[in-house]
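So the chains spell out like this:
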Amino acid sequence: MMPLKDLYQGFRQPDVVKALAGKIAQRAAGLEKPLYIMEVCGGHTHTIMKYGLKQLLPDNLQFVHGPGCPVCIMPKERIDQAIALARLPGVVLVTLGDMIRVPGSKSTLAQCRAEGGNVEAIYDPMDVLKIARNNPDKQVVYFAIGFETTTPMTAVLVECAEQQQLDNLFFHINHVLVMPAMEAVLAGGESPINAFIGPSHVSVISGAKIYQPIIDNYRVPLVVGGFEPVDVLESVLMLVEQAVSHQVALQLQYSRAATYAGNEAAQSQVDRVFDIREQFNWRGLGNIPHSALQLKPALRHRDAEVKFAGHFTHIDTPDHKQCRCGDILKGLATPQECKVFGKACKPNRPMGSCMVSSEGACNAYYRYADRC
Ligand code: SF4
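The paragraphs below set out a description of the structure included in this document. All of these numbers come straight from a predicted model, not from anything done at the bench.

What counts as what
Every chain is numbered on its own, with residues counted from 1 as its sequence reads. Residue-level local features of this predicted model are given only where pLDDT is at least 70; pairs of side-chain atoms are given and counted only at 80 or more, and the full residue set underlies all totals for whole chains, interfaces and linings. Side-chain metrics rest on all non-hydrogen atoms present in the structure, leaving aside hydrogens and water. Counting from the N terminus, the helices are DSSP H or I runs at least four residues long and the strands are E runs at least two residues long. Relative accessibility under 20% of the residue-type maximum defines a buried residue, over 50% an exposed one, and the middle range a partly exposed one, all with a 1.4 Å probe and only protein chains included. In what follows, residue pairs with any heavy atoms lying within 4.5 Å of each other are defined as contacts. Using the Shrake-Rupley algorithm and a 1.4 Å probe, accessible areas are obtained, with residue cover drawn only from the displayed protein chains. It suffices for a single heavy atom of a residue to lie within 4 Å of a molecule or strand for the residue to be listed as near it. A cavity here means a set of 1 Å grid points, computed over protein atoms only, where a 1.4 Å probe fits but cannot escape. A pocket is an open set with protein on both sides within 12 Å along at least 5 of 7 lines, and lining residues have an atom within 4 Å of a point. Molecule-in-pocket calls rest on the fraction of atoms, with more than half required to lie within 2 Å of the cavity or pocket grid points. Polar here means any residue other than Ala, Val, Leu, Ile, Met, Phe, Trp, Tyr, Cys and Pro, which are nonpolar, and Asp, Glu, Lys and Arg, which are charged; Gly is therefore polar. Only C-alpha atoms enter the line fits that serve as axes; for helices the fit covers just the stretch in contact. Angles between N-to-C directions range over 0 to 180 degrees. Oblique is the label for every angle not falling under 35 degrees (roughly parallel), over 145 degrees (roughly antiparallel), or within 65 to 115 degrees (roughly perpendicular). Put simply, a crossing is left-handed when the front helix is turned counterclockwise from the back one by less than a right angle, and right-handed when it is turned clockwise. Strands pair, by our definition, only if DSSP identifies at least two bridges between them. Grid points are joined across faces, edges and corners, and a volume is the space filled by probe spheres set on the points. Domain segmentation is taken from an automatic or database assignment of domains. Arc, as used here, means the arc of the directions from the helix axis to the C-beta atoms.

**Overview of the overall build of the protein chain**
Okay, so step 1: Scanning the protein chain from N- to C-terminus turns up 15 helices and 11 strands.
Okay, so step 2: Each of the three principal axes of the protein chain carries a C-alpha extent, and together these read 65 × 45 × 40 Å.
Okay, so step 3: Relative to its 372 residues, the protein chain shows a buried fraction of 55%.
Okay, so step 4: Within the protein chain, contacts between residues separated by at least 24 positions form 76% of all contacts whose residues are at least 6 apart in sequence.
Okay, so step 5: When the accessible surface of the protein chain is summed, it comes to about 16,000 Å², and 51% of that surface belongs to carbon and sulfur atoms.

Dropping the structure here:
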């Protein structure tokens, strides 16, 4: 069997990339109007910037970066709640690596930790079970984040906590859904987007079927595309082919792992643990109804928002007035249009969430500035 690293190299071959870019340019010459392609996921943005794909496209094809980075869309009040929890005596706040640098209203989890707050950054979510088991005298809170891709993992953790009777383990749930965010971008009416590259890892779990309303209700074509350079360019070519032939369809480029139906076992796992939340305030996009998840009533004893409700205070601090993360997440601006990009705001001292994670558009533009 071919080693995994060689398999990935196959999707990065310069001659294949060049041939695809040539074919795209040739077909795009037949477009009646420019195509503004939103790559919804930060993973795609990262690939586009890292491999200089933007520069390979003709002027009538533009990438527009979307709201699919879970770190970038995390609203300040959720970070504030995590900080409040980490400051409580006897509480350990556990979260995934990048989250600790995201600015809340006044501070970050990293600053909180430096000031004595009990914050543990992990890279493997399963470690949270070990932390709870090894600290029976502490209340351990897992700050769970991510789109449909990572939700099944949190569902597994919740069920493990129940089975293993880890009564000191709680969950602060920040799992969000990609479709309501895409609809919010389109419903705003300001965005020029007329094509989508849909996140492939979300589709591995939820199936390409979740995007059907984009085609049926908004008449915008969508291709579910993988994360390698050849995947992204092939997805662009599929969108161009649709546009020149006046088609609007849902297509699957990433057919090596995603299907229309998705992973039904993972979907049932999520359905057993979560309900849809009424409201969730997205950074940059505002309040979007039915766009996030919460634990089912039978699991409320694990819900940190219920357990520690009395410890949260809401501070209404607007984003830094020069930060354009909101516009970037809506596809209305590029990082370079922010006046502090690369000056006051850099990855080592981010002023906005889009500069924190490697999936954030500002971070990707900064890292690969030589390719912009
Ligand atoms: S460069 Fe920094 S301040 Fe400007 S939009 Fe990006 S994250 Fe916000």
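Picking up where we left off.
**A few points about the site of the ligand**
Okay, so step 1: All residues adjacent to the ligand are C323, R324, C325, I328, C338, V340, F341, C345, G352, M355 and C362.
Okay, so step 2: Put simply, the ligand lies in the largest cavity.
Okay, so step 3: Across the shell around the ligand, the residue classes break down as 9 nonpolar, 1 polar and 1 charged.

**A closer look at the packing of helix α7 (residues 151–163) against helix α12 (residues 264–273)**
Okay, so step 1: Interaxial distance between α7 and α12 falls to 9 Å at its minimum, and their mutual angle equals 55°. One element, α7, and the other, α12, form an angle in the oblique class. Classified by chirality, the crossing of α12 by α7 is left-handed. Residues T151, P152, A155, V156, V158 and E159 of α7 touch α12, and the partners they reach there are A266, Q269, V270, R272 and V273.
Okay, so step 2: In terms of residue class, the contact of α7 with α12 is built from 7 nonpolar, 2 polar and 2 charged.

**So, the sheet that holds strand β1 (residues 35–41)**
Okay, so step 1: The sheet built from 5 strands is open, its strands ordered β2-β1-β7-β8-β9 with parallel pairing. Among the strands making up the open sheet, the edge pair consists of β2 (61–68) and β9 (250–252). Adjacent strand axes in the sheet meet at a mean angle of 25°, parallel and antiparallel pairs treated alike.
Okay, so step 2: Bridge count between β1 and β2: 6 bridges; the pairing is parallel. Across the sheet, the residue bridging to L35 is L61, located in β2.
Okay, so step 3: Its contacts with the sheet place helix α3 (residues 42–50) against β1, β2, β7 (195–199) and β8 (222–225), and it is angled at close to 120° to β1.

**Considerations on the environment of G284**
Okay, so step 1: Mapping G284 onto the fold places it in the loop between β10 (274–282) and β11 (286–295).
Okay, so step 2: For the pair formed by G284 and V94, sequence separation is 190 residues and the distance between their alpha carbons is 25 Å.
Okay, so step 3: Each residue touching G284, except ones within four places of it in the same chain, is listed here: G326, L329 and K330.

**Focus: empty space enclosed by the protein**
Okay, so step 1: Going through the model one piece at a time under the given rule, you end up with 2 cavities of 30 Å³ or more.
Okay, so step 2: In this structure, the largest cavity is lined by 13 residues; those nearest its centre are C323, C325, C338, C345 and C362.
Okay, so step 3: Of the residues belonging to the lining of the largest cavity, the class tally is 11 nonpolar, 1 polar and 1 charged.
Okay, so step 4: Forming the walls of the second largest cavity are G42, T45, H65, G66, C69, C72, I328, L329, C354, E359, G360 and A361.
Okay, so step 5: Elements supplying a minimum of two residues to the lining of the second largest cavity: α3, β2 and α14 (325–329).
Okay, so step 6: Grouping the amino acids of the lining of the second largest cavity by side-chain chemistry returns 6 nonpolar, 5 polar and 1 charged.
Okay, so step 7: Two domains share the lining of the second largest cavity, each providing at least three of its residues, namely domain 1 (12–69 + 179–252) and domain 3 (325–371).

**Brief notes about helix α6 (residues 127–134)**
Okay, so step 1: Looking only at α6, the buried set comprises V128, L129, I131 and A132. Axial view of α6: buried residues confined to an arc of 160°, hence all on one face.
Okay, so step 2: Buried-residue contacts for α6 involve β3 (91–96), β4 (119–122), β5 (139–146), α7 and β6 (169–175).

**Notes on the sheet that holds β3**
Okay, so step 1: In spatial order, the strands read β4-β3-β5-β6; together these 4 strands make up an open sheet with parallel pairing. Each edge of the sheet is formed by a strand with only one pairing partner; in this case those strands are β4 and β6. Within the sheet, the average angular offset between the axes of one strand and its neighbour, ignoring direction, is 20°.
Okay, so step 2: Alignment of β3 against β5, held across 5 bridges, turns out to be parallel.

**Things to note about the layout of surface pockets**
Rolled over the atoms, a probe with the dimensions of a water molecule shows which regions are left empty.
Okay, so step 1: By volume, the largest pocket amounts to about 470 Å³.
Okay, so step 2: In terms of lining residues, the largest pocket is bounded by 28 residues, among which P70, L96, I145, T150 and E359 are the most central.
Okay, so step 3: Going through the elements one at a time, β5, α7 and α9 (200–206) are the ones with two or more residues in the lining of the largest pocket.
Okay, so step 4: Top element by residues in the lining of the largest pocket is β5. It accounts for 4 residues.
Okay, so step 5: Residue composition of the lining of the largest pocket, by class: 16 nonpolar, 10 polar and 2 charged.

**Quick word on the packing of helix α2 (residues 14–28) against helix α11 (residues 229–244)**
To describe two helices that pack against each other, one gives the angle between their axes and the distance between the axes.
Okay, so step 1: At a minimum axis separation of 10 Å, α2 and α11 run at an interaxial angle of 15°. Here α2 lies roughly parallel to α11, going by the angle between them. In this structure, the crossing between α2 and α11 has a hand that is left-handed. Residues V16, V17, L20, K23, I24, R27 and A28 of α2 form the contact with α11, whose participating residues are P229, V230, L233, E234, V236, L237, V240, E241 and V244.
Okay, so step 2: Split into classes, the residues belonging to the contact of α2 with α11 amount to 12 nonpolar, no polar and 4 charged.

**Some points on the pairing of β11**
Okay, so step 1: For β10 and β11, the ladder comprises 8 bridges, and the chain directions are antiparallel. Following the sheet pairing, D275 is matched in β11 by Q294.
Okay, so step 2: Counted along the chain from β10 to the antiparallel partner β11, the turn is 3 residues long, and its residue G284 has a positive phi close to 85°.

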